[in-house]
Amino acid sequence: MSRLRRSRLPARLDVTQTLSGVALALFIWGHTLFVSSILISKDAMWTVTRMFEGYFILGRPLPVLVSIAVAVVWALLLVHALLALRKFPASYRQYRAFREHRQAMRHADTHLWWWQVVTGFAMFFLASPHLYKMLTQPAAIGPYASGDDVWSGAWWPLYLLLAFSVQLHAGIGVYRAALKWGLPGGGDGARTRRRLRVLFGGITAVMLALGLLSLATYLRIGYEHRDRVGERYVPASVAAPEQP
Amino acid sequence: MNDAAADMPAETQPPRRLRISVLRYNPAEPERAPRLQTYELEEADGMTLFIALNEIREIQDPSLQFDFVCRAGICGSCAMVINGRPGLACRTLTTQLPTKIALAPLPVFELIGDLSVNTGKWMRAMSERVETWVHAQETAQGADLDRAEARMEPEQAEAIYELDRCIECGCCVAACGTARMREDFVGAVAINKLARFRLDPRDLRDDGDFYELIGDDDGVFGCMTLLGCDDVCPKDLPLMTQLAYMRRKMAAAGWRGADGAAATPD
């Protein structure tokens with residue numbers, strides 16, 4: 001047999017779904033680490049922001065670089081969402097069958113998949129406003145700018161829900177992708193699964209903690225900065241030479 | 001159980017009273033609605049659910065329908081949903097369960113009556129669909145039955161046998177959220193069988209042939225890795241690793257085209 005009569009598309013869609021998901025998960029873990037630079041200091045967060053704007057290579061900030069990155073992430077998200085949508089219950093009958101099954105089985109991995117459906121669905125709505133803002137206002141990222149958004153712009157409820165959704169979805173997703181495709185040399189399936197649960201449970205807990213702590217910090221900064229909304233943060237090291 | 005009983009040595013503890021609720025319905029009597037019927041009996045040493053059900057049928061209710069043949073986890077007939085999870089009645093000790101036990105027939109399969117379902121019909125259709133037999137080279141006159149079979153390395157025979165232990169009880173299908181939502185999904189039993197034939201050197205099919213059978217969203221790509229199958233399999237088949245293995249092989253076959261050739265229409 002040297003020719004496939006059946007469409008090759010299902011294989012490609014399945015691989016693409018996993019690859020796009022893993023890429024997005026890696027992105028969000030990186031994103032969380034960069035955002036949590038605010039936990040170190042305002043200067044650290046300012047440096048990270050400027051780095052992504054190409055400041056340290058070009059000598060001046062170029063926020064459009066951020067917009068380009070956002071566009072790529074959004075495209076990836078669109079592809080992933082489209083492909084993952086195929087797995088959602090497609091009718092009330094399917095939904096009811098799965099709900100009955102899930103409630104009767106009381107089975108961890110079945111529950112985990114359902115949480116992926118719920119958080120994935122939530123992110124259609126939660127991620128889009130955030131991405132649109134980052135795409136159209138890439139320069140409005142920084143210790144004060146982000147603090148102002150979170151507090152004075154009242155973005156914090158959205159970010160709070162988004163933090164839970166995205167971290168759960170990413171952690172569960174990569175864990176499930178590892179089981180779905182198998183890990184090389186994975187002889188003892190049950191042991192592999194236990195270890196993966198500990199690993200990705202740990203990553204998710206750390207990322208969620210960092211995300212929530214960062215959000216709390218931006219809230220505090222935004223609250224303290226509420227009377228000077230719009231003012232941008234300038235590190236002392238940058239501002240100092242201009243001082244008389 | 002009260003504290004005084006819990007403090008007593010095991011051999012002097014009074015036997016537990018089991019309350020077994022059975023979801024009863026006979027499609028041949030559609031006028032009688034599905035109902036829960038509860039039977040009470042005393043737990044005995046080493047009692048399995050299979051023994052308990054036989055006692056109920058012999059002493060309390062001869063109309064109760066359930067299947068069994070081997071009583072030893074070999075025939076796969078007595079699979080049912082036990083407190084929400086599929087399992088074999090003959091391999092389930094009542095001591096592993098609370099005193100309240102809920103039994104229901106396996107979903108997905110055609111109901112014969114009460115706890116009895118027609119797994120055979122479903123398995124037959126599955127076998128025909130994914131062709132679960134050795135596809136050997138045949139001569140123009142048919143298979144050569146006089147020729148001695150080629151020798152096989154013991155490790156290879158072991159590996160095939162490991163997957164061939166499937167008893168087609170249906171637990172993996174009933175425990176599969178995908179199969180519950182999508183009735184055309186082939187199920188872990190089918191994918192495991194193809195993994196078994198893929199190992200068999202007598203089977204001349206290659207990955208391109210297997211892709212024709214399970215290379216779509218009703219096949220291996222439909223599996224959502226909920227792993228109910230792996231967790232309930234009474235034979236402890238390595239379903240998770242086999243599903244992942246076949247997914248990798250089918251993804252490679254589908255991505256490249258079989259044998260690495262471009263899949264262009266002839």
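Residues numbered from 1 in each chain as written. Chains lettered and ligands numbered in written order. Predicted model: local features only at pLDDT ≥ 70, side-chain atom pairs only at ≥ 80, totals over all residues.

Caption draft 1: Broad picture of the overall build of chain A. Regarding its fold elements, chain A presents 10 helices and 0 strands. Going from N to C terminus, chain A has its helices and strands arranged as α-α-α-α-α-α-α-α-α-α. In terms of overall dimensions, chain A has a C-alpha envelope of 80 × 45 × 35 Å along the principal axes. The 244 residues of chain A split such that 32% are buried. Long-range contacts, defined here as pairs at least 24 residues apart, represent 81% of the contacts in chain A between residues at least 6 apart. (Helix = DSSP H or I, 4+ residues; strand = E, 2+ residues; numbered from the N terminus. Buried ≥ 20, exposed ≤ 12 C-beta atoms within 10 Å, placed from the backbone. Contact = placed C-beta atoms within 7 Å.)

Caption draft 2: Geometry of the packing of helix 6 (residues 108–136) of chain A against helix 8 (residues 156–181) of chain A. All names here are of chain A. Packing of helix 6 against helix 8 brings their axes to within 8 Å, and their N-to-C directions diverge by 135 degrees. As the angle between them shows, helix 6 and helix 8 are arranged oblique. For the pair helix 6 and helix 8, the sense of crossing is left-handed. Residue-level inspection shows Leu112, Trp115, Gln116, Thr119, Gly120, Ala122, Met123, Leu126, Ala127, Pro129 and His130 of helix 6 in contact with helix 8, the latter providing Leu158, Leu161, Leu162, Ser165, Val166, Leu168, His169, Ile172, Gly173 and Arg176. Across the contact of helix 6 with helix 8, the residue classes tally to 13 nonpolar, 7 polar and 1 charged. (Axes fitted to C-alpha atoms, helices over the stretch in contact; angles between N-to-C directions. Parallel < 35°, antiparallel > 145°, perpendicular 65-115°, else oblique. Left-handed = near helix turned anticlockwise from the far one by under 90°. Nonpolar A, V, L, I, M, F, W, Y, C, P; charged D, E, K, R; others polar.)

Caption draft 3: How the structure looks around the interface of chain A and chain B. Contacts between the two partners involve 34 residues from chain A and, on the opposite side, 39 residues from chain B. Elements with a contribution of two residues or more to the side of chain A that touches chain B: helix 1 (9–35), helix 5 (92–105), helix 6 and helix 8 of chain A. With 7 residues, helix 5 of chain A is the largest single contributor of residues to the side of chain A that touches chain B. Taken together, the residues of the side of chain A that touches chain B sort by class into 13 nonpolar, 8 polar and 13 charged.

Caption draft 4: Here's a closer look at the sheet that holds strand 1 (residues 17–24) of chain B. Residues and elements named next belong to chain B. Pairing is mixed across the open sheet formed by 5 strands, whose spatial order is 2-1-5-3-4. Edge positions in the sheet fall to strand 2 (35–42) and strand 4 (85–88), since each of these pairs with one other strand and no more. Strand-to-strand twist of the sheet, defined as the mean angle between neighbouring strand axes without regard to direction, takes the value 35 degrees. (Pairing = 2+ DSSP bridges.)

Caption draft 5: Spatial organisation of the domain arrangement of chain B. All names here are of chain B. Considered domain by domain, chain B is made up of domain 1 (3–116) and domain 2 (131–135 + 152–257). Here domain 1 and domain 2 have C-alpha centroids that lie 30 Å from each other. The interface of domain 1 with domain 2 comprises 15 residues on the first partner and 12 residues on the second. Only strand 3 (79–82) and strand 4 provide two or more residues apiece to the side of domain 1 that touches domain 2. No other element matches strand 4, which puts 4 residues into the side of domain 1 that touches domain 2. (Domains from an automatic or database assignment.)

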